[in-house]
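Residues per chain, in single letters:
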Amino acid sequence: MKITGYRTLRTVHDWGRPVGDVNGFIASGVTDVPLVILETDEGIEGVGMGSHADLERLFPALEGQDPRTVTTLYDAMLARVFKSSHGGATFGGIGAFDTALWDIKAKLAGEPLWRLLGAGDRFVPGYASGLDAALDDEQLAALYRRFGERGYTAAKLKGGRNVEADLRRFGILTDVLQAGGAAPALMLDANESWNLKQAVRHVSALEERIDLTWVEEPLRRWDAAGHARLSAAIKASVATGENLTGLEQYRPLLDAGGADIVQAGAVWGVTHFLRVAIAAHARDLPVSPVGLTANHTVTAAAAAVPNHLSAEVQDLGSPFGLVLDQEFADGGVVLGDRPGVGIEVDEALILKARSEATWQEPAGPHVRSKRAGLRLIDHGTWSE
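A. Looking closely at the side chain of histidine 52. Structurally, histidine 52 can be placed in the loop between β5 (46-49) and α1 (55-58). The residues touching histidine 52, leaving out its near neighbours within four places in the chain, are Thr8, Leu9, Arg10, Pro34, Leu35 and Val36.

This is the structure in structure tokens:
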């Protein structure tokens, strides 16, 4: 079997609400979903989610090769862009091709990916994470109530600008997610918006009133020493790593003791997650995938590693024109039995909708907030 080509497709995910974080939000609630379909000479095709970045530069590493040699081909893609670096958006292109390769491999084996990777249980524990920065209190309660109806008892709030606002919103989450009187696990995602002193002040103020399970991306992703100092200064765990594009970028963070919970972005693909999980496991650290809406197949990898803690579940719907072989139940994700990564694509439906312009091209919170460099006063006021 040989890889002969690929084609790309774009669909959208309609969240039905504004989505975003401290850096900004998408008012329409419609986000882009890039797909890659890898073709072979035997007609077996693999579907990947991730990015369309640099696919033309990466594909020569795959063309004419046996798609079953996934690990070898993953490293060949890294080597292909060695001089210019595989970091940033390019890593998303590698992730998309990587996922498509795993899809072909699992289809040929006649197994769902989670079983092919060695998982013995199709259930993956998760936590609710609604990208909720732009929601008012009523919308916030309604959203997490829906998660609670599916058994979720842990939730992550987007915040970090105002302590009192965060406390009020955490109170709403606690009210709607309590199960049998037990308080839910609560996490805060600051999306790299603080410096070290801001982080210590904000988290310490929260911890006077609530039991915070973890604080996520409190500092810029490369600040290994700062993350270690923060972890020593607060009670909550520090979770970070989702925006690190390559295993080598984790080394200074892990060596410094800067991550209590090691995260990996789902958009970067299956092989990356597996390697990050191994690196974390070698240090007795748990791992957690972030952004499963961007690449739900990493859930299968999470089922197969020994140190998985909890996976981020951002929405209970699916992208337009895709059927995902999974269910959201019992506070997690229940994976199905369809061979491959579990993505069924209705290309005709997607192309027809795009040709009729029935959706928007989205923007998003991809620029760091100008507030991130400001000074936090009195646990709640931003000032120059």
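From this point, the discussion proceeds with the structure in view.
B. Representation of the packing of aromatic side chains in the model. On inspection of all chains with the given rule, the structure shows 7 aromatic pairs. Judged by centre distance (5.0 Å) and plane angle (55°), the rings of tyrosine 6 and phenylalanine 59 are tilted. A residue pair is termed long-range when its members are at least 10 positions apart, and tyrosine 6 in strand β1 (residues 3-14) and phenylalanine 59 in the loop between α1 and α2 (70-80) qualify at 53 residues. Ring centres of phenylalanine 59 and phenylalanine 97 lie 6.2 Å apart, and the angle between their planes is 40°; this geometry places the pair in the tilted category. One end of the pair, phenylalanine 59, is in the loop between α1 and α2; the other, phenylalanine 97, is in helix α3 (residues 89-109), with 38 residues separating them in the sequence. The burial state of phenylalanine 59 is the same as that of phenylalanine 97; both residues are buried.

C. Expanded view of the packing of α3 against helix α10 (residues 270-281). With their axes 7 Å apart at the nearest point, α3 and α10 run at an angle of 100° to one another. When the axes of α3 and α10 are compared, the pair comes out roughly perpendicular. Listed contacts from α10 to Phe91, Asp98, Thr99 and Trp102 of α3 are Val270, Thr271, His272 and Leu274. Residue composition of the contact of α3 with α10, grouped by class: 4 nonpolar, 3 polar and 1 charged.

Procedures and definitions
Residues numbered from 1 in each chain as written. Predicted model: local features only at pLDDT ≥ 70, side-chain atom pairs only at ≥ 80, totals over all residues. Heavy atoms only, no water. Helix = DSSP H or I, 4+ residues; strand = E, 2+ residues; numbered from the N terminus. Contact = heavy atoms within 4.5 Å. Phe/Tyr/Trp six-rings, centres within 6.5 Å; stacked < 30°, edge-to-face > 60°. Buried < 20%, exposed > 50% of the residue type's maximum accessible area, 1.4 Å probe, protein only. Axes fitted to C-alpha atoms, helices over the stretch in contact; angles between N-to-C directions. Parallel < 35°, antiparallel > 145°, perpendicular 65-115°, else oblique. Nonpolar A, V, L, I, M, F, W, Y, C, P; charged D, E, K, R; others polar.

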